[in-house]
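Take a look at the letters that make up each chain.
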Amino acid sequence: MEESDTYHIRPNHQQKFRPAVVKECIREIVRERLSGVQYNPEEVPELTRSLADSVKDKVKNSGFDKYKLVVQVVIGEQRGQGVKMSSRCFWDADTDSYAEDVFMNDSLFCVVAVFGSYYY
Amino acid sequence: MEEFHNGSEVSPDTNSPFSPVTCIENVVGGGDYSQSQVNKWTANIVERCLTQLVKQGKPYKYIVTCAVMQKTGAGLHTANSCYWDTAMDGSCTVRWENRTMYCVVSVFAVATA
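Residues numbered from 1 in each chain as written. Chains lettered and ligands numbered in written order. Predicted model: local features only at pLDDT ≥ 70, side-chain atom pairs only at ≥ 80, totals over all residues. Heavy atoms only, no water.

Visitor: Looking at this structure, how should I read the interface of chain B and chain A?
Guide: Each partner contributes residues to the interface: chain B has 44 residues there, and chain A has 43 residues. Interface of chain B and chain A: buried area, both sides summed, is about 3,700 Å²; carbon and sulfur atoms make up 58% of it. When the buried surface of chain B facing chain A is broken down by residue, Lys61, His77 and Tyr83 of chain B rank first, second and third, together holding 21% of it. Between Glu47 of chain B and Arg88 of chain A there is a salt bridge whose closest N-O contact spans 2.7 Å. Counting across the chain B and chain A interface gives 24 residue pairs in polar contact (both at pLDDT 80 or more). Elements represented by at least two residues in the side of chain B that touches chain A include exactly strand S1 (2-4), helix H2 (38-55), strand S2 (60-70), strand S3 (76-83) and strand S5 (101-111) of chain B. Ranked by residues supplied to the side of chain B that touches chain A, first place goes to S2 of chain B with 11 residues. (Contact = heavy atoms within 4.5 Å. Buried area = accessible area lost by both parts, 1.4 Å probe. Salt bridge = Lys/Arg side-chain N within 4 Å of Asp/Glu carboxyl O. Polar contact = N/O pair within 3.5 Å; in protein donor to acceptor, adjacent residues only side chain to side chain. Helix = DSSP H or I, 4+ residues; strand = E, 2+ residues; numbered from the N terminus.)

Here is the structure:
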């Protein structure tokens, strides 16, 4: 990452990580890529990876330049099993945030979480 | 700057006592998957991991996620894509299982200095 000449220690309003905007990014990509897709154990690993990459690129291009991003994608087959995902973060609550979205169809479920950490 | 992490170790740390497996085993123990307990388990696992990490006193921000899934023969895949400084930041993913469930814990560490 290039160093900024101005050393802002707080993002201004335009640059701040906005969960609503990021959630919309996630939603668009996931719905576009996964609607009507059936769980296929051979294709899903590649699909998961490429989905993570696409979401990361889209969020990056949405103008959160001063943020480091972590995108996690979980895709699982729907067989009536129970699943629970949790996360905890140790960060600067004023500047950092996250967004997540869950997509489900008959044969699979997909959880995408994007964490944004401000780079001072 | 961009890369996929597949279970690589957190960047500067080599001999840390941080052990996600111990955290998982202490919380879940020998129990079976239980719908009523799973909320508590995932919360406890991430909290314990985070506390252990923070105790190390390094200049990092941490993100810890945990997924617990019942074993029914269904498949599960996870992938991470990160935009960060590859020299300073890193992640670690641990898979654990017992007779009735799978548990996947991911830790991401982002440098602040």
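Visitor: Would you mind showing me how to read the packing of aromatic side chains here?
Guide: Each aromatic ring pair is described using two quantities: the centre-to-centre distance and the angle formed by the ring planes. Residue and element names in this part refer to chain A. Under the counting rule described, the total for this entry stands at 9 aromatic pairs over all chains. Between Tyr67 and Tyr118, the aromatic rings sit 5.3 Å apart at their centres with planes inclined by 65°, giving edge-to-face as the arrangement. One end of the pair, Tyr67, is in strand S1 (residues 67-77); the other, Tyr118, is in strand S4 (residues 108-118), with 51 residues separating them in the sequence. Side by side, Tyr67 and Tyr118 carry an identical accessibility label, which is buried. Ring centres 6.0 Å apart and planes at 25° place the aromatic pair Tyr98 and Phe115 in the stacked group. One end of the pair, Tyr98, is in strand S3 (residues 97-104); the other, Phe115, is in strand S4, with 17 residues separating them in the sequence. (Phe/Tyr/Trp six-rings, centres within 6.5 Å; stacked < 30°, edge-to-face > 60°. Buried < 20%, exposed > 50% of the residue type's maximum accessible area, 1.4 Å probe, protein only.)

Visitor: Hey, could you run me through the pattern of salt bridges in this one?
Guide: One side chain can pair with another of opposite charge once the charged atoms of both are near each other. According to the stated counting rule, one finds 14 salt bridges over all chains in the structure shown. Ionic pairing is found between Arg99 of chain B and Asp32 of chain B, a salt bridge with its closest N-O pair at 3.1 Å. Of this pair, Arg99 of chain B sits in the loop between strand S4 (90-97) and S5 while Asp32 of chain B sits in the loop between helix H1 (20-28) and H2, and the two are 67 residues apart along the sequence. On the basis of relative accessible area, Arg99 of chain B is assigned to the exposed category, the value being 64%. Salt bridges sharing common partners tie together Lys23, Arg27, Arg31 and Asp101 of chain A.

Visitor: Would you explain the sheet that holds S2 of chain B in this entry?
Guide: Neighbouring strands of a sheet are bound in pairs by backbone hydrogen bonds; such pairs are parallel or else antiparallel. If you walk across this open sheet you meet the 4 strands as S2(A)-S2(B)-S5(B)-S4(B), and the pairing is antiparallel. At either margin of the open sheet sits one strand with a lone partner, and together these are strand S2 (83-90) of chain A together with S4 of chain B. Averaged over all pairs of adjacent strands, the angle between their axes in this sheet comes to 10°, without regard to strand direction. As paired strands, S2 of chain A and S2 of chain B are joined by 8 bridges and run antiparallel to one another. Looking at the pairing, Phe90 of chain A lines up with Tyr62 of chain B of S2 of chain B. The strands touched by H2 of chain B within the sheet are S2 of chain A together with S2 and S5 of chain B, with S2 of chain A carrying the most contacts at an inclination of about 25°. (Pairing = 2+ DSSP bridges. Axes fitted to C-alpha atoms, helices over the stretch in contact; angles between N-to-C directions.)

Visitor: Looking at this model, I keep getting lost on the packing of H1 of chain B against H2 of chain B. Mind explaining?
Guide: When two helices pack together, you describe them by how their axes are tilted relative to each other and by the distance separating the axes. Residues and elements named next belong to chain B. Between H1 and H2, the shortest axis-to-axis distance is 9 Å and the interhelical angle comes to 145°. As H1 runs across H2, the sense of the crossing is right-handed. Each of Pro20, Cys23, Ile24, Asn26, Val27 and Val28 in H1 lies in contact with H2, whose residues at this interface are Trp41, Asn44, Ile45, Arg48, Cys49 and Gln52. (Left-handed = near helix turned anticlockwise from the far one by under 90°.)

Visitor: What exactly am I supposed to notice about the state of the cysteines here?
Guide: Linking two cysteines covalently through their sulfur atoms gives a disulfide. Going through the model one piece at a time under the given rule, you end up with 0 disulfides over all chains. Just so you know, Cys23 of chain B is unpaired, no disulfide at all, and the nearest cysteine sulfur is the one on Cys49 of chain B, 3.6 Å from it. (Disulfide = S-S within 2.5 Å.)

As far as function goes, none of this settles anything; it's purely spatial.
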